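# Topology and contacts: notes
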Amino acid sequence: MNLADLKPAMEKAMALNLAEIEKIANNTQPATFENTIEEMERAGKELNRVFTYYGIWSSNVSTPEFRTIQQEMAPKISEFNSKISQNEKLFQRIKVVYDNAQKNPLPADQQRVVELVYKGFEMEGANLSPEQKQRYAAINKELSTLYTKFSNNILADEEKYVVYFTKDQLSGLPESFVKAAAKAAADRGKEGQYAVTNTRSSMDQFLTYSDERALREKVWKNYYSRADNNDENDNKQNIVDILKLRRERVQLMGYDNYAQWRLQDRMAKTPEAAMDLMMAVWPSAIARAKEEVADMQQLANKTSKTKITIEPWDYRYYAEKVRQQKYDLNSDEVKQYLELGNLTQAIFFTAGELFNFNFTPVPEGSVPVFHEDVKVWEVTDKTTGDHIGLWYLDPFARQGKRSGAWATTYRAHTTFDGKKTVLSSNNSNFVKPAPGEPVLVSWDDAETFFHEFGHALHFLASNVKYPTLNSGVRDYTEFQSQLLERWLSTDKVINQFLKHYKTGEPMPKELVAKIEKASTFNQGFATTEFLASA
Ligand SMILES: [Zn+2]
């Protein structure tokens, strides 16, 4: 698909969907599940397809040309959504179906769809007065522009800041990182130098291993100052504007604050419950983080040539040294057993054990992909051989790809108008190795790989009839992925797949024992980091 086709395709698909919605809203027959809810589930096929492309351009292969389109389209998409969520005739029909279903419940899955659709409209202000609705839609439109700016500012700073260094500054860095850094520099026209890009996996590795303290400081500051550099990519004012608008929007509906509105259909239910949960952990996490820093300081006092005080850019570096000292555990040694190809086989094995799924690579070129790095597998039932779907893996960091790891679908399962098989995908930001070199990942990244694959398995294992029921309940969906993480450290996975990338030897028992023993190490930092973000 050409980028030039995207905007006209979106406009056409939105117009088609609005026409479908108008038809449902203006039906003169009394509202029923079939003529209202089911028709809504059916509507928007073309738009869903176009949005898949829009999503890939936005998350995986963003370019300045795309960002121009995105800035234009984000408010248009918001207006489009408001036209549906504020369609009074449509809402009245949904309400009739909902009220009837409260009196005479429908089959369980239909009842659930009705409830989700009705609550969704209610949460999006369907009960507001006409004046309030107008303001609500205006706020959403403004927010859509701000959200786009927000994420594009981060992406722009991830692309803009690259730290280059030279051969005499390689001390401490693992060979695999050095090779990847040489390639990253060459790709940017700096042959013979080395580059740390401004992404989490690059930053994390460099800060863990590099002996060059001044470079560590620079790399740390670049990463943690993304969109905070007082320039055209700065997000500080955007954050203020977003928070103000969110508050105003939910206050229109009588909520005190955004968190109250957001959490009502999440597991915590209320901001108070969420805060209680976090505050139950926070003091211990802070206390532990202080102990960790004290251990690092002690080690630095003994080993550093000059007297230093532990700074944020020393944290990963000295944590690694303390880990080695306390648990005799070297994370670079661990990585030798965590090769991406083997890990991919390990997640397939796990999916086979748990869900009876089989993964077979599709012949190169037989399924279109948006980038040469993307590989595709066919997923079938191990027993019957039935086709379940496809699984795409986009493993490497690149310019224009958002950071982190995530799972998504390009097409979701439904059986509602004929069976649709799943197109699921996982996306990571592993540092792309030099040609012919293995991809060795850290234990944490391997756990994340399992975690995100858990979400893909959720998509693939879906057996619902209606599309609305597909994604399960946020944030409960995290539970199953957290369970899946634990398969990484099972004997079956370790013995078959955690093999040394050179010798093929499985990870030695002693090393596994050390990893287990050290599993609570550095959790003060880890816990404080995610709680602070929350
Ligand atoms: Zn998750």
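In the block above lies the structure referred to throughout.
Summarised in this report is the structure supplied together with it. (Residues numbered from 1 in each chain as written. Predicted model: local features only at pLDDT ≥ 70, side-chain atom pairs only at ≥ 80, totals over all residues. Heavy atoms only, no water.)

## Quick word on the packing of helix 7 (residues 130-160) against helix 11 (residues 236-252)
Two numbers describe a pair of packed helices, the interaxial angle and the distance between the axes. For the pair helix 7 and helix 11, the least separation of the axes is 9 Å and the interaxial angle reads 155 degrees. Between helix 7 and helix 11, the angle is such that the two are roughly antiparallel. Pair helix 7 / helix 11 crosses with left-handed handedness. In this structure, helix 7 contributes Gln 132, Arg 135, Tyr 136, Ile 139, Asn 140, Glu 142, Leu 143, Leu 146, Tyr 147, Lys 149, Phe 150 and Asn 153 to the contact, and helix 11 contributes Asn 238, Ile 239, Asp 241, Ile 242, Leu 245, Arg 246, Glu 248, Arg 249 and Leu 252. Residue classes in the contact of helix 7 with helix 11 are distributed as ten nonpolar, four polar and seven charged. (Axes fitted to C-alpha atoms, helices over the stretch in contact; angles between N-to-C directions. Helix = DSSP H or I, 4+ residues; strand = E, 2+ residues; numbered from the N terminus. Parallel < 35°, antiparallel > 145°, perpendicular 65-115°, else oblique. Left-handed = near helix turned anticlockwise from the far one by under 90°. Contact = heavy atoms within 4.5 Å. Nonpolar A, V, L, I, M, F, W, Y, C, P; charged D, E, K, R; others polar.)

## Comments concerning helix 16 (residues 340-355)
In a regular helix each residue adds 1.5 Å, so 16 residues correspond to 22 Å; helix 16 covers 22 Å between its end C-alpha atoms and thus fits that length. Within the span of helix 16, buried status applies to Leu 340, Asn 342, Leu 343, Thr 344, Ala 346, Ile 347, Phe 348, Phe 349, Thr 350, Ala 351 and Gly 352. Of the residues trailing helix 16, Asn 356 is marked for its positive phi of about 60 degrees. (Expected span 1.5 Å × (residues − 1). Buried < 20%, exposed > 50% of the residue type's maximum accessible area, 1.4 Å probe, protein only.)

## Observations regarding the coordination of the zinc ion
Here the zinc ion is held by the protein donor atoms His 451 (NE2), His 455 (NE2) and Glu 478 (OE), which lie 2.0 to 2.1 Å from it. Here the donor residues for the zinc ion map to a single chain with the spacing H-x3-H-x22-E. Of this pair, His 451 and His 455 both sit in helix 17 (residues 443-460), separated by four residues, roughly a single helical turn. On the basis of relative accessibility, which here comes to 10%, the residue His 455 falls in the buried class. (Donors = N, O, S within 2.8 Å, 3.2 Å for Na, K, Ca; no water.)

## Here's the deal with the pattern of salt bridges
Enumeration over the complete set of coordinates arrives at 36 salt bridges. Across the salt bridge formed by Arg 226 and Glu 158, the nearest N and O atoms sit 2.5 Å from each other. One end of the pair, Arg 226, is in the loop between helix 10 (213-224) and helix 11; the other, Glu 158, is in helix 7, with 68 residues separating them in the sequence. A relative accessible area of 8% means that Glu 158 is categorised as buried. (Salt bridge = Lys/Arg side-chain N within 4 Å of Asp/Glu carboxyl O.)

## A closer look at the side chain of Asn 429
Assignment of secondary structure puts Asn 429 in strand 7 (residues 422-430). From its side chain, Asn 429 meets the backbone oxygen of Gly 404 in a polar contact 2.8 Å long. (Polar contact = N/O pair within 3.5 Å; in protein donor to acceptor, adjacent residues only side chain to side chain.)

## As for the sheet that holds strand 7
Hydrogen bonds along the backbone pair up the strands of a sheet, which may run parallel or antiparallel. Taken in spatial order, the five strands line up as 3-4-5-7-6 in an open sheet, and their pairing is mixed. Where the open sheet ends on each side, the last strands, each with one partner, are strand 3 (357-361) and strand 6 (406-411). Taken pair by pair, the neighbouring strands of this sheet meet at an average axis angle of 30 degrees, ignoring direction. Packing against the sheet, helix 17 makes contact with strand 3, strand 4 (375-381), strand 5 (387-396), strand 6 and strand 7, and its axis sits at approximately 165 degrees to strand 7. (Pairing = 2+ DSSP bridges.)

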